[in-house]
Amino acid sequence: MTPSTLITVAPTGAEARKDEAPALPVTLEELLVTAKQCEEAGAAVIHVHIRDQHANPTLDLGRLTETVQALRESTGLIVQLSTGGAVTDVFGDRLRVLEAGPDACSLTCGTVNFGDEVFANPWPFMRDLYQRTQQLGVVPEFEIFDLGHAAALHRLLAEFGPPAGGHVHCDLVMGVPGGMPGDAATLVAAVAALPEGATWSATGIGRATLPVMFAALAAGGHLRVGMEDTLSFARGRPVGANAELVERAAALAEHAQRPPMRPRQAREFLGVRDHH
Ligand code: KMH
Ligand code: ZN
């Protein structure tokens, strides 16, 4: 079991609305404040979605590039850009995210129902995205929303070989309406389906956040938290800042005697190059 816990913060996402969740970081300034607070609280990776001047999700390449550079200048966090974007984003724009020069990116291993929408990740897109990460040396994190996605990950590795950095790290995204449920039994089944030697984090959407966090710590996994996934800290109590969620994850990791991994250690763990 890894002696420390990798904590990823996903502070914004593409779905939550600023007018409904005022603590959501949507400007670069807000994102930088959030990133610094979350690093201080124990995060080592930031999973980034950005917004435009109207707080709507965007994959604008100039804005993404500026965001990557600013996060690198102000924090030691590993900068992982989302290639999932919003359900309305087209494949070409999602592939182009890599041109912003992130350390890492998300790579979702299959299509999934996503509430009333569909989050589309057909095989040809997964394949093209994976090969582009290999060409550019961007370390992918394999997002698993359902058990079949683990099978697609096996296929990807079998056909195209290991990822940039040489290490396979996955994130189990649990409790999306349409994906696998966020409970301990499903987490154990999903972990058993991952490739040999892979490490993994888990995140529970909405009220699955705590059961998934406890199950992940018990099973030797790592954690992702943030307002992309959870807008309530407790019943009737909205999240006041992303750092609250990171602080809670860090405290639970400490209780499990697997304290938060610092960014430098996380780079080694994930095979991410150091830009600092
Ligand atoms: N916003 C979701 C449709 C990712 O970042 O790679 C997809 C998502 C996954 O958030
Ligand atoms: Zn995301």
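Structure first, text after, so check above.
Residues numbered from 1 in each chain as written. Chains lettered and ligands numbered in written order. Predicted model: local features only at pLDDT ≥ 70, side-chain atom pairs only at ≥ 80, totals over all residues. Heavy atoms only, no water.

Overview of the overall build of the chain
- Counting secondary structure elements, the chain contains nine helices and 14 strands.
- Relative to the globule expectation of 19 Å for 276 residues, the C-alpha radius of gyration of the chain, 17 Å, shows essentially globular dimensions.
- Seen along its three principal axes, the alpha-carbon backbone of the chain occupies a region of about 45 × 40 × 40 Å.
- In the chain, which comprises 276 residues, the share counted as buried stands at 56%.
- Excluding contacts between residues fewer than 6 apart, the proportion of contacts in the chain whose partners are at least 24 apart in sequence is 73%.
- Here the chain has roughly 11400 Å² of accessible surface; of this, 53% comes from carbon and sulfur atoms.
- Looking at charge distribution, the chain has the averaged site of its 21 positive side-chain charges lying 1 Å from that of its 32 negative ones. (Helix = DSSP H or I, 4+ residues; strand = E, 2+ residues; numbered from the N terminus. Rg over C-alpha atoms; globule rule 2.2 N^0.38 Å. Buried < 20%, exposed > 50% of the residue type's maximum accessible area, 1.4 Å probe, protein only. Contact = heavy atoms within 4.5 Å. Areas by Shrake-Rupley, 256 points an atom, 1.4 Å probe, with all protein chains shown as cover. Lys, Arg positive; Asp, Glu negative; His and termini not counted. Charge placed at Lys NZ, Arg CZ, Asp CG, Glu CD.)

Considerations on helix H9 (residues 263-270)
- For H9, the full list of buried residues reads Pro263, Ala266, Arg267, Phe269 and Leu270. One side of H9 holds all its buried residues, which, seen down the axis, span an arc of 165 degrees. Exposed and oriented more than 90 degrees from the buried face of H9 are Arg264 and Glu268.
- Positive phi appears at Gly271, one or two residues downstream of H9, with a value of about 80 degrees. (Arc of directions from axis to C-beta.)

Some remarks on the coordination of the zinc ion (ligand 2)
- Within the first shell, the zinc ion (ligand 2) binds the protein through His47 (NE2), His49 (NE2) and Glu228 (OE), at distances of 2.1 Å.
- Of note, the zinc ion (ligand 2) draws all its donor residues from one chain, in the sequence arrangement H-x1-H-x178-E. For the pair His47 and His49, one class covers both residues: buried. (Donors = N, O, S within 2.8 Å, 3.2 Å for Na, K, Ca; no water.)

Some thoughts on the environment of Val87
- On the secondary structure map, Val87 appears in the loop between strand S5 (78-81) and helix H3 (91-96).
- For the pair formed by Val87 and Glu15, sequence separation is 72 residues and the distance between their alpha carbons is 9.1 Å.
- Residues in contact with Val87, not counting those within four places in the same chain, are Phe114, Glu117, Val118 and Phe119.

Focus on the packing of aromatic side chains
- Taken as a whole and judged by the stated rule, the model has four aromatic pairs.
- Ring pairs connect the aromatic residues Phe114, Phe119 and Phe145, which therefore count as one cluster.
- In this structure, Arg155 packs its charged tip against the face of Trp123, placed 3.7 Å from the ring centre.
- A cation over an aromatic ring shows up here: Arg248 above the ring of Phe233, its NZ or CZ 4.0 Å from the ring centre. (Phe/Tyr/Trp six-rings, centres within 6.5 Å; stacked < 30°, edge-to-face > 60°. Lys NZ or Arg CZ within 6 Å of the ring centre and 35° of its normal.)

What about the sheet that holds strand S10 (residues 169-174)?
- One closed barrel holds the eight strands; their spatial order is S1-S2-S5-S6-S9-S10-S11-S12, and the pairing between them is parallel. Strand-to-strand, the axes of this sheet are offset by a mean angle of 30 degrees, without reference to chain direction.
- Taken together, the two bridges between strand S1 (residues 7-9) and strand S2 (residues 45-48) define a ladder with parallel strand orientation. Its bridge partner lying in S2, Thr8 is registered against Val45.
- In the packing of helix H2 (residues 61-74) onto the sheet, contacts are made with S2 and S5, and the angle to S5 comes to roughly 160 degrees.
- Running over the sheet, helix H8 (residues 242-255) touches S1 and strand S12 (222-225) and is turned about 170 degrees from S1. (Pairing = 2+ DSSP bridges. Axes fitted to C-alpha atoms, helices over the stretch in contact; angles between N-to-C directions.)

Description of the site of ligand 1
- As a structural note, the neighbourhood of ligand 1 is formed by Glu15, His47, His49, Ser82, Gly84, Gly85, Val87, Ser106, Thr108, Phe114, Phe119 and Glu228.
- In the environment of ligand 1, an oxygen atom lies 3.0 Å from a nitrogen or oxygen atom belonging to the side chain of His47.
- Take Ser106: an N or O atom from its side chain is 2.7 Å from an oxygen atom of ligand 1.
- The protein chains hide 97% of the 300 Å² of surface that ligand 1 would expose on its own.
- Comparing atom positions with the cavity grids shows ligand 1 to sit within the largest pocket.
- Of the residues in the shell around ligand 1, the class split is three nonpolar, seven polar and two charged. (Near = heavy atom within 4 Å. Polar contact = N/O pair within 3.5 Å; in protein donor to acceptor, adjacent residues only side chain to side chain. 1 Å grid on protein atoms, 1.4 Å probe; cavity = no way out; pocket = protein on both sides within 12 Å on 5 of 7 lines; lining within 4 Å. Sits in = over half its atoms within 2 Å of the grid points. Nonpolar A, V, L, I, M, F, W, Y, C, P; charged D, E, K, R; others polar.)

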